[in-house]
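If you want the building blocks of each chain, they are given just below.
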Amino acid sequence: MLIADDLNKLLEVLPEFIRQPLEVHPDSKSLIEVVMDLGRRPEARFPQGPEYLSLRTISWQDLDFCIKRVGHFSGDNRSGIERTLHRISSIRNRKGNIIGLTCRVGRAIFGTISIIRDLLEKGQSVLLLGKPGVGKTTAIREIARVLADEMEKRVVIIDTSNEIAGDGDIPHPAIGRARRMQVVRPEYQHQVMIEAVENHMPEVIIIDEIGTELEALAARTIAERGVQLVGTAHGNYLESLIKNPVLSDLIGGIQYVTLGDDEAKRRGSQKSIIERKASPAFQVAIEIHERDNWIVHEKVDNAVDQILQGSTLLIQRRKFHLNGYISIQCEQAFSENFSSSLSIHTKWKNIKQLNTKTEFRSDVKSYDNSVSGESLNNFINNYIYLYSYSINVQQIEGIINTLKLPIILTKDVMKSDVILALRSNVKQNTKLRQIAKSRQVTIYTVHSSTIPYITRALKQILNFHKFSSLNWQKLCKTKQSLEIIVLAETKFAIEKIIFGKKQSVELIARLSNFRKLQYQLIQSYNLRSRSFGEEPYRRLRIYPN
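Residues numbered from 1 in each chain as written. Predicted model: local features only at pLDDT ≥ 70, side-chain atom pairs only at ≥ 80, totals over all residues. Heavy atoms only, no water.

K.L.:
Can you help me understand the packing of helix 6 (residues 189-200) against helix 7 (residues 213-224) in this one?
P.N.:
To describe two helices that pack against each other, one gives the angle between their axes and the distance between the axes. Here helix 6 crosses helix 7 at 15°, and the two axes come no closer than 8 Å. Considering their axes alone, helix 6 and helix 7 lie roughly parallel with respect to each other. Of the two elements, helix 6 crosses helix 7, and the hand of that crossing is left-handed. In contact with Q189, H190, M193, I194 and V197 of helix 6, helix 7 contributes L214, E215, A218, A219, T221 and I222. Within the contact of helix 6 with helix 7, the residues separate by chemical class into seven nonpolar, three polar and one charged. (Axes fitted to C-alpha atoms, helices over the stretch in contact; angles between N-to-C directions. Helix = DSSP H or I, 4+ residues; strand = E, 2+ residues; numbered from the N terminus. Parallel < 35°, antiparallel > 145°, perpendicular 65-115°, else oblique. Left-handed = near helix turned anticlockwise from the far one by under 90°. Contact = heavy atoms within 4.5 Å. Nonpolar A, V, L, I, M, F, W, Y, C, P; charged D, E, K, R; others polar.)

K.L.:
How do you make sense of unusual backbone geometry when you look at a structure like this?
P.N.:
Glycine aside, the phi torsion of most residues is negative, and most peptide linkages are trans. Despite not being glycine, E152 has its phi angle at roughly 55°, a positive value. With respect to the secondary-structure elements, E152 resides in the loop between helix 5 (136-150) and strand 10 (155-159). On the basis of relative accessibility, which here comes to 64%, the residue E152 falls in the exposed class. Positive phi values are uncommon outside glycine, yet E209 reaches one of about 60°. Mapped onto the secondary structure, E209 falls in the loop between strand 12 (204-207) and helix 7. (Buried < 20%, exposed > 50% of the residue type's maximum accessible area, 1.4 Å probe, protein only.)

K.L.:
How do you make sense of the packing of aromatic side chains when you look at a structure like this?
P.N.:
One pass over the structure, following the stated rule, counts one aromatic pair. We note R41 situated over the ring of Y52; from NZ or CZ to the ring centre the distance is 4.1 Å. (Phe/Tyr/Trp six-rings, centres within 6.5 Å; stacked < 30°, edge-to-face > 60°. Lys NZ or Arg CZ within 6 Å of the ring centre and 35° of its normal.)

K.L.:
Just checking my understanding: could you explain the sheet that holds strand 26 (residues 505-506) for this structure?
P.N.:
Two orientations exist for strands paired in a sheet by backbone hydrogen bonds: parallel and antiparallel. Here three strands make up an open sheet; going across it, the order is 26-28-27 and the pairing antiparallel. Only two strands of the sheet have a single partner each, and these edge strands are strand 26 and strand 27 (528-532). Taken together, the five bridges between strand 27 and strand 28 (residues 539-543) define a ladder with antiparallel strand orientation. Bridging from a neighbouring strand, R530 pairs with R541 of strand 28. Where helix 17 (residues 482-501) meets the sheet, its contacts fall on strand 26 and strand 28, and the angle it forms with strand 28 comes to roughly 30°. Here helix 18 (residues 512-524) sits on the sheet and contacts strand 27 and strand 28; the angle it forms with strand 28, its principal contact strand, is near 10°. (Pairing = 2+ DSSP bridges.)

K.L.:
Just to check I follow, could you spell out the pairing of strand 9 (residues 126-130) for this structure?
P.N.:
A regular strand carries its side chains on alternate faces of the sheet. For strand 9, a buried count of five out of five residues is recorded, marking the element as mostly surrounded by other parts of the structure. Both faces of strand 9 are covered, namely the face carrying V126, L128 and G130 and the face carrying L127 and L129. Bridge analysis of strand 9 against strand 13 (residues 228-234) gives five bridges, and the strand direction is parallel. The residue bridging G130 from the neighbouring strand is H234, located in strand 13. Note: strand 9 against strand 16 (residues 284-290), four bridges, orientation parallel. When the sheet's bridge partners are listed, L128 is paired in strand 16 with I286.

K.L.:
In this structure, what is going on with the packing of helix 17 against helix 18? I would like to understand it.
P.N.:
Remark: helix 17 packs on helix 18, axes separated minimally by 10 Å, with the N-to-C direction vectors making an angle of 40°. Taken as axis vectors, helix 17 and helix 18 run oblique relative to one another. Considering only the axes of helix 17 and helix 18, their crossing is right-handed. Within the contact between the two elements, helix 17 uses L482, E483, V486, L487, E489, T490, K491 and I494 and helix 18 uses F514, L517, Q518, L521 and I522. Of the residues in the contact of helix 17 with helix 18, the class split is eight nonpolar, two polar and three charged.

K.L.:
Would you mind going over the nonpolar core with me for this structure?
P.N.:
General note: in soluble globular proteins, nonpolar side chains tend to be found buried as a group. Judged by nonpolar contacts, the single largest core of 39 residues is most densely connected at I158, I205, L238 and L250. Every residue in contact with L238, bar those within four places of it in the chain, is listed here: L129, I251, A285, E287, H297, A303, V304 and I307. Counting 32 residues, the second largest nonpolar core, distinct from the first, contains L128, L147, M151 and A178. (Core = buried A, V, L, I, M, F, W, Y, C linked by side-chain atoms within 4.5 Å.)

K.L.:
Explanation requested: the pattern of salt bridges in the structure shown.
P.N.:
Two side chains with opposite charge may pair up if their charged atoms get near one another. Tallying each qualifying case throughout the model produces 24 salt bridges. One salt bridge in this structure joins R87 and E163, with 3.0 Å as the shortest N-O distance. Separated by 76 residues along the polypeptide, R87 in strand 6 (residues 87-92) and E163 in the loop between strand 10 and strand 11 (179-182) bring together distant segments of the chain. What makes R87 buried here is its relative accessible area of 13%. E163 gets classed as buried once you look at its relative accessible area, which sits at 9%. The residue D305 makes a salt bridge to R276 at a minimum N-O spacing of 3.0 Å. In this pair, D305 is assigned in helix 10 (residues 300-309) and R276 in strand 15 (residues 272-276), connecting sequence segments 29 residues apart. (Salt bridge = Lys/Arg side-chain N within 4 Å of Asp/Glu carboxyl O.)

Read these as geometric descriptors, not functional statements.
The structure is reproduced here in structure tokens:
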């Protein structure tokens, strides 16, 4: 990873009593910014914390010394040093006089986006989220260079505050062959975005800090014209963007919907719910929590729908390691009570770190990312997809998370492995029973939608799938285990005779420990059984329902 910061050019605009301590400071290469406030001591901020640079306080003369050596301050109180990435921001008093300066170090860090290069190659629009100072602008600058130089695309940067390509008319080399359009005033950013598409025929538009409703609307317009978007917005999580009424249109927007009685009963939800309003302008969202720790949502539309429904969300956590490797691990996230109110409580839980080779070198320009997709599929296949009918989804979700059950709720009955329904309502729904029969999906029913009934049903579902997911023939051939043979013959009797012919069946005589295994398997099918005979010829008889 190569870093270019032009720190000397920033130090040249600072007064001597501030510049000298920084020139000899052992951590000058990691300097974040220098703060100069009238009447206070100058302060340098590093990743490990702030430090005072001098006992002397800042005077009007010190501020004027800096102001005369930087460019003109624009309408957003920002300036810069020509052909560098440094940003000088001012604080003004009521009279408009500058009484404070924040001198932020700008760095071009090459190789930072190898962590998401596979996503850029797909040509989808990407939105970067994160708090200020976490590295969004640095990442978007490197994305512009990679798209323009290495992928040879026509890239136009909308550089409102000259933070991406630096101050002055000649852009910084860090953006490569990408073109830069400057903005006269910050409130005109949305107009320049549309102008770029209409006049310069770009394949990719780069936008930093989308912050107003007009800019969000312009981003949607550009996306609808088939142009790839790469943008940033302030917000730690995808949920915070959903809560933001100004920026929620970037990920499709939200609206309140009133369901009919039958639909609410089918979904197992309240009649008034929140749904996504439209297709998102960005197909991929990335949460940058730390510079080397990113959360990736590869399908924003599905992620937003699951968040609004309060369902379990599968995400990717990508980490950049010091040895030059990138690891991808799958995690599960859950947002509580979003459907009933807009107050979000997010719980991130590291469910499982995949023991597969999901690492690749960051210095390779392109790589095969099929490993990570395969690992994610393996992760998902360990879970049972459950479709609920006429039972409150939030109640089921709460039980699943409390007991940490490997079950994922789905709103699509065609994707479900099993159906859980209220007994009194499922009898009236012939369509659901026909779908279950055609797909050979078991319908589990509960007498009432109380926690004990639902918990018992979920445990029975897990017991059944624990036995049915085994490859019985393969195990019998390879292990010759008597226990497996006993369970295999019991399973065969249930599926071929009990279910197939609707007749009772008597099993082969077994010892008590094997009969116990048989009884557990029979219970998982919700069937009745009785023991007959004397030891050692005692055996089980299974009855159809």
